[in-house]
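# Secondary and tertiary structure notes
Read off the chains here:
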Amino acid sequence: MASVHKGQCFCGAVVLEVAGDPAGMGYCHCESCRHWSAGPVNAFTLWEPDKVKVVKGEEHIRQYNKTENSDRKWCNLCGGHLMAGHPGLGLIDIYAAILPSIEFTPGIHVNYAESVLPMKDGLPKMKDFPSDFGGSGETVPE
(Lines give C-alpha, C1' and ligand atoms only; values in the text may rest on other atoms or scores of the structure.)
Protein backbone atom coordinates (compact mmCIF):
# COMPACT_ATOMS: atom_id res chain seq x y z
CA MET A 1 0.00 0.00 0.00
CA ALA A 2 1.30 3.45 -0.93
CA SER A 3 2.27 5.81 1.83
CA VAL A 4 -0.12 8.68 2.47
CA HIS A 5 0.90 11.99 4.01
CA LYS A 6 -1.45 14.68 5.27
CA GLY A 7 -0.78 18.38 5.51
CA GLN A 8 -2.80 21.39 6.44
CA CYS A 9 -2.81 25.14 6.40
CA PHE A 10 -1.89 27.14 9.50
CA CYS A 11 -5.42 27.03 10.99
CA GLY A 12 -6.33 23.51 9.82
CA ALA A 13 -9.32 24.57 7.71
CA VAL A 14 -7.67 23.13 4.57
CA VAL A 15 -6.30 19.60 4.66
CA LEU A 16 -4.31 18.02 1.82
CA GLU A 17 -3.36 14.42 1.25
CA VAL A 18 -0.55 13.12 -0.96
CA ALA A 19 -0.03 9.49 -1.88
CA GLY A 20 3.11 7.62 -2.81
CA ASP A 21 6.46 9.25 -3.30
CA PRO A 22 7.16 12.76 -4.56
CA ALA A 23 8.59 13.21 -8.05
CA GLY A 24 11.35 15.28 -6.47
CA MET A 25 12.39 17.34 -3.47
CA GLY A 26 14.73 20.25 -3.11
CA TYR A 27 15.23 23.91 -2.43
CA CYS A 28 14.29 26.93 -4.54
CA HIS A 29 16.27 30.14 -4.15
CA CYS A 30 14.44 32.37 -6.65
CA GLU A 31 13.33 35.84 -5.60
CA SER A 32 9.70 35.00 -6.23
CA CYS A 33 9.70 31.96 -3.88
CA ARG A 34 11.71 33.87 -1.26
CA HIS A 35 9.29 36.77 -1.36
CA TRP A 36 6.21 34.52 -1.28
CA SER A 37 7.50 32.37 1.59
CA ALA A 38 8.99 35.33 3.50
CA GLY A 39 12.17 33.29 3.92
CA PRO A 40 15.64 33.04 2.36
CA VAL A 41 14.87 29.69 0.69
CA ASN A 42 11.82 27.52 -0.07
CA ALA A 43 11.80 23.75 0.53
CA PHE A 44 9.65 21.97 -2.04
CA THR A 45 8.18 18.55 -2.68
CA LEU A 46 6.92 17.93 -6.22
CA TRP A 47 3.94 15.65 -6.90
CA GLU A 48 2.05 14.42 -9.90
CA PRO A 49 -1.42 16.03 -9.78
CA ASP A 50 -3.26 12.71 -9.45
CA LYS A 51 -1.37 12.05 -6.18
CA VAL A 52 -2.64 15.28 -4.54
CA LYS A 53 -6.09 15.51 -3.01
CA VAL A 54 -7.81 18.25 -1.02
CA VAL A 55 -9.71 16.31 1.65
CA LYS A 56 -11.13 19.28 3.54
CA GLY A 57 -11.72 22.98 2.99
CA GLU A 58 -11.41 23.32 -0.78
CA GLU A 59 -13.77 26.31 -0.57
CA HIS A 60 -11.11 28.20 1.42
CA ILE A 61 -8.35 27.85 -1.18
CA ARG A 62 -7.42 30.97 -3.11
CA GLN A 63 -4.93 31.34 -5.94
CA TYR A 64 -2.56 34.02 -7.18
CA ASN A 65 -0.53 34.01 -10.38
CA LYS A 66 2.35 36.46 -10.59
CA THR A 67 3.54 34.55 -13.67
CA GLU A 68 2.16 31.72 -15.80
CA ASN A 69 4.73 29.37 -14.22
CA SER A 70 3.21 29.10 -10.75
CA ASP A 71 -0.36 28.87 -9.43
CA ARG A 72 0.29 29.79 -5.77
CA LYS A 73 -2.44 28.64 -3.38
CA TRP A 74 -3.25 29.49 0.23
CA CYS A 75 -6.05 29.35 2.80
CA ASN A 76 -8.21 32.48 2.79
CA LEU A 77 -8.99 32.10 6.52
CA CYS A 78 -5.47 32.05 7.96
CA GLY A 79 -3.30 32.96 4.97
CA GLY A 80 -1.35 29.72 5.35
CA HIS A 81 0.47 28.73 2.18
CA LEU A 82 -0.38 25.31 0.79
CA MET A 83 0.99 24.59 -2.66
CA ALA A 84 1.93 25.90 -6.05
CA GLY A 85 0.86 24.30 -9.29
CA HIS A 86 3.45 24.38 -12.07
CA PRO A 87 1.44 23.97 -15.29
CA GLY A 88 4.50 23.86 -17.55
CA LEU A 89 5.98 20.98 -15.56
CA GLY A 90 2.72 19.16 -14.92
CA LEU A 91 3.60 19.00 -11.21
CA ILE A 92 2.34 20.43 -7.93
CA ASP A 93 4.69 21.74 -5.27
CA ILE A 94 3.41 20.99 -1.79
CA TYR A 95 5.48 23.07 0.60
CA ALA A 96 7.64 20.64 2.58
CA ALA A 97 6.86 22.43 5.86
CA ILE A 98 3.19 21.43 5.75
CA LEU A 99 3.90 17.71 5.34
CA PRO A 100 5.22 16.78 8.80
CA SER A 101 5.25 13.02 8.23
CA ILE A 102 7.35 13.03 5.07
CA GLU A 103 11.07 12.46 5.34
CA PHE A 104 12.38 15.49 3.50
CA THR A 105 15.35 14.34 1.43
CA PRO A 106 16.29 17.15 -0.94
CA GLY A 107 18.13 16.25 -4.11
CA ILE A 108 18.78 19.61 -5.74
CA HIS A 109 18.91 23.39 -5.40
CA VAL A 110 17.21 25.36 -8.18
CA ASN A 111 17.71 29.02 -9.06
CA TYR A 112 20.86 29.01 -6.95
CA ALA A 113 22.26 31.96 -8.93
CA GLU A 114 19.69 34.06 -7.01
CA SER A 115 20.62 32.64 -3.60
CA VAL A 116 20.88 34.91 -0.57
CA LEU A 117 21.59 31.99 1.77
CA PRO A 118 24.54 29.85 0.65
CA MET A 119 24.01 26.21 1.59
CA LYS A 120 27.07 23.95 1.51
CA ASP A 121 25.44 20.52 1.53
CA GLY A 122 27.01 18.81 -1.49
CA LEU A 123 23.77 18.81 -3.51
CA PRO A 124 23.78 20.01 -7.14
CA LYS A 125 23.31 23.77 -7.41
CA MET A 126 21.47 24.69 -10.61
CA LYS A 127 21.89 28.20 -12.01
CA ASP A 128 18.17 28.11 -12.84
CA PHE A 129 16.47 24.77 -13.62
CA PRO A 130 17.59 21.43 -15.04
CA SER A 131 17.28 21.36 -18.84
CA ASP A 132 14.49 18.77 -18.71
CA PHE A 133 12.50 21.32 -16.68
CA GLY A 134 13.05 24.11 -19.21
CA GLY A 135 16.19 25.61 -17.67
CA SER A 136 19.74 26.01 -18.88
CA GLY A 137 20.93 22.88 -17.06
CA GLU A 138 23.96 24.84 -15.87
CA THR A 139 25.33 24.28 -12.38
CA VAL A 140 27.04 26.91 -10.26
CA PRO A 141 29.69 26.45 -7.59
CA GLU A 142 28.64 25.70 -4.04
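This write-up is about the structure you can find in this document. For every chain, the first residue of its written sequence is number 1, and the numbers climb from 1 along that sequence. pLDDT decides what is reported in this predicted model: residues at 70 or higher carry local features, side-chain atom pairs at 80 or more are listed and counted, and totals for whole chains, interfaces and linings draw on all residues regardless. The side-chain values count all of the structure's non-hydrogen atoms but skip hydrogen atoms and water molecules.

### Side note on the overall build of the protein chain
By definition, any uninterrupted DSSP run of H or I lasting at least four residues is a helix, any uninterrupted run of E lasting at least two residues is a strand, and each is numbered from the N terminus. Within the protein chain, the secondary structure is distributed over 1 helix and 10 strands. Along its sequence from the N terminus, the protein chain presents helices and strands in the succession β-β-β-α-β-β-β-β-β-β-β. Note on method: radius of gyration uses C-alpha positions; expected globular size equals 2.2 Å times residues raised to 0.38. Over its C-alpha trace the protein chain gives a radius of gyration of 15 Å, about what one expects of a compact globule, namely 14 Å for 142 residues. If you line up the protein chain on its principal axes, its C-alpha atoms span 45 × 35 × 25 Å. Whether a residue is buried, partly exposed or exposed follows from its accessible area with a 1.4 Å probe, protein chains only, as a fraction of its type maximum: under 20%, in between, or over 50%, in that order. Out of the 142 residues belonging to the protein chain, those deemed buried represent 40%. It only takes one pair of heavy atoms within 4.5 Å for two residues to be counted as in contact. A separation of at least 24 residues holds for 49% of the contacts in the protein chain among residues at least 6 apart in sequence.

### So, the pattern of salt bridges
One side chain can pair with another of opposite charge once the charged atoms of both are near each other. Here, a salt bridge means any side-chain nitrogen of Lys or Arg that lies within 4 Å of a carboxyl oxygen of Asp or Glu. Applying the stated criterion to the full structure yields 3 salt bridges. Residue E17 is joined to K6 by a salt bridge in which the shortest nitrogen-to-oxygen separation is 3.7 Å. Taken together, the residues E17 in strand 2 (residues 15–19) and K6 in strand 1 (residues 4–8) connect sequence positions 11 residues apart. Accessibility expressed as a relative area gives 48% for K6, which makes it partly exposed. Residues K125 and D121 are paired through a salt bridge, measuring 2.7 Å at the closest nitrogen-oxygen approach. A relative accessible area of 37% places D121 in the partly exposed class. Each of D121, K125 and E142 takes part in salt bridges that share partners, so that together they form one network.

### Here's the deal with the side chain of K125
Residue position: K125 is located in the segment after strand 10 (108–110). Classification of K125 by relative accessible area gives buried; the value is 2%. Polar side-chain contacts of K125 include one of 2.9 Å to the backbone oxygen of L123. Counted as a polar contact is a pair of N or O atoms within 3.5 Å, where, for protein atoms, one must be capable of donating a hydrogen and the other of accepting one, and residues adjacent in sequence contribute only when both atoms are in side chains. A polar contact is formed between the side chain of K125 and the side chain of E142, at a distance of 2.6 Å. The contacts of K125, once residues within four sequence positions are left out, are H109, Y112, M119, E138, T139, V140 and E142.

### Thoughts on the packing of aromatic side chains
Each aromatic ring pair is characterised by the separation of its centres together with the angle its planes make. Ring geometry is summarised as follows: Phe, Tyr and Trp rings, the Trp one being its six-membered ring, pair when their centres sit within 6.5 Å, and such pairs are stacked at plane angles under 30 degrees, edge-to-face over 60 and tilted between the two. By the definition in use, this model includes 2 aromatic pairs. Centroid distance Y27 to F104: 5.5 Å. Interplanar angle 80°. Geometry classified as edge-to-face. On the criterion of sequence distance, the pair formed by Y27 in strand 3 (residues 24–28) and F104 in the loop between strand 9 (91–95) and strand 10 is long-range, its members being 77 residues apart. On the accessibility criterion, Y27 (15% relative accessible area) is buried. Ring-over charges, as used throughout, are those where CZ of Arg or NZ of Lys falls within 6 Å of the ring centre and within 35 degrees of the ring normal. The lysine or arginine in question, K125, covers the ring of Y112, its NZ or CZ lying 5.6 Å from the ring centre.

### Quick notes on unusual backbone geometry
Outside of glycine, negative phi angles account for most residues, and trans bonds account for most peptide bonds. For A38, which is not glycine, the phi torsion reads 55° and is therefore positive. Tracing the backbone through its elements, the reader meets A38 in the loop between helix 1 (31–37) and strand 4 (42–47). Positive phi outside glycine occurs at N111, with the angle close to 55°. Following the sequence through the fold, N111 ends up in the segment after strand 10.

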